[in-house]
Amino acid sequence: MAKLSTAELIDAFKELTLLELSDFVKEFETTFDVTAAAPAAVVAAAPGAAPAAAAEEQDEFDVVLESAGDKKIQVIKVVREVVSGLGLKEAKELVEAAPKALLEKVDKEAAEAAKEKLEAAGAKITIK
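Note that the structure is a prediction, hence the values are computed from the model and not measured.

A. Region of interest: the overall build of the protein chain. Along its length, the protein chain carries six helices and three strands. The N-to-C order of helical and strand elements in the protein chain reads α-α-α-β-α-α-β-α-β. Long-range pairs, those at least 24 residues apart, make up 66% of the contacts in the protein chain between residues at least 6 apart in sequence. Accessible area of the protein chain: about 9,700 Å², with a carbon and sulfur share of 57%.

Printed below as a string of structure tokens:
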């Protein structure tokens, strides 16, 4: 059998359907005893040190609306202000679906600012 160049192999793969390509990958893994999965990050730290280091270095926070409280309309207005791009209907649905994450993976300052505004409107908020 003639040796195929990389470009020829790529062209051959372009002709395959996703199902055929998936079958090829499985057969390749079995034949050569390898895996096509991305390698997982290896953590080489002491068992007790990893959670403590992660807690100290947390720089992304989630702002979770636990409940709207008594002033639901005020909370909906503030949710529209805090969460960009929401219309009135979307903000109302978000507030009614509590507990629900309003902001995800934001810095500490943004999370604290959102919490202050929402709590001032009467909402119950937690930051995770």
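Having seen the model, we can carry on.
B. Up close: the environment of Val79. Its location among the elements puts Val79 in helix α4 (residues 72–82). For the pair formed by Val79 and Val95, sequence separation is 16 residues and the distance between their alpha carbons is 7.9 Å.

C. Fine view of the sheet that holds strand β2 (residues 100–106). Spatially, three strands are ordered β2-β1-β3 in an open sheet, and the strand pairing comes out antiparallel. Strand pairing shows two members of the sheet lacking a second neighbour, β2 and β3 (124–127), which therefore form its edges. Shown here is a sheet whose adjacent strand axes are inclined to one another by a mean of 20°, direction ignored. Taken together, the four bridges between strand β1 (residues 61–67) and β3 define a ladder with antiparallel strand orientation.

D. Representation of a negative patch on the surface. Side chains of Asp59, Glu60, Asp107, Glu109, Glu112, Glu116 and Glu119 sit close together on the surface and give a patch of like negative charge. What makes Glu60 partly exposed here is its relative accessible area of 43%.

E. Region of interest: the pattern of salt bridges. By the definition in use, this model includes three salt bridges. Note that Glu81 is salt-bridged to Lys117, the shortest N-O span being 3.2 Å. Linking Glu81 in helix α4 with Lys117 in helix α6 (residues 108–120), this pair joins segments that are 36 residues apart in sequence. Here the salt bridges do not stand alone but share partners, grouping Lys72, Lys92 and Glu96 into one network.

F. Expanded view of the environment of Ala68. Looking at the element boundaries, Ala68 is found in the loop between β1 and α4. By relative accessible area, which is 11% here, Ala68 ends up buried. Taking the C-alpha atoms as reference points, Ala68 and Ile125, 57 residues apart in sequence, are found 8.9 Å from one another. Those residues in contact with Ala68 that lie beyond four places of it in its chain are Val75, Val95, Gly122 and Ala123.

Scoring rules and cut-offs
Residues numbered from 1 in each chain as written. Predicted model: local features only at pLDDT ≥ 70, side-chain atom pairs only at ≥ 80, totals over all residues. Heavy atoms only, no water. Helix = DSSP H or I, 4+ residues; strand = E, 2+ residues; numbered from the N terminus. Contact = heavy atoms within 4.5 Å. Areas by Shrake-Rupley, 256 points an atom, 1.4 Å probe, with all protein chains shown as cover. Pairing = 2+ DSSP bridges. Axes fitted to C-alpha atoms, helices over the stretch in contact; angles between N-to-C directions. Patch = residues over 30% accessible without salt bridge, like charges linked within 9 Å, V, L, I, M, F, W, Y side chains within 5 Å. Salt bridge = Lys/Arg side-chain N within 4 Å of Asp/Glu carboxyl O. Lys, Arg positive; Asp, Glu negative; His and termini not counted. Charge placed at Lys NZ, Arg CZ, Asp CG, Glu CD. Buried < 20%, exposed > 50% of the residue type's maximum accessible area, 1.4 Å probe, protein only.

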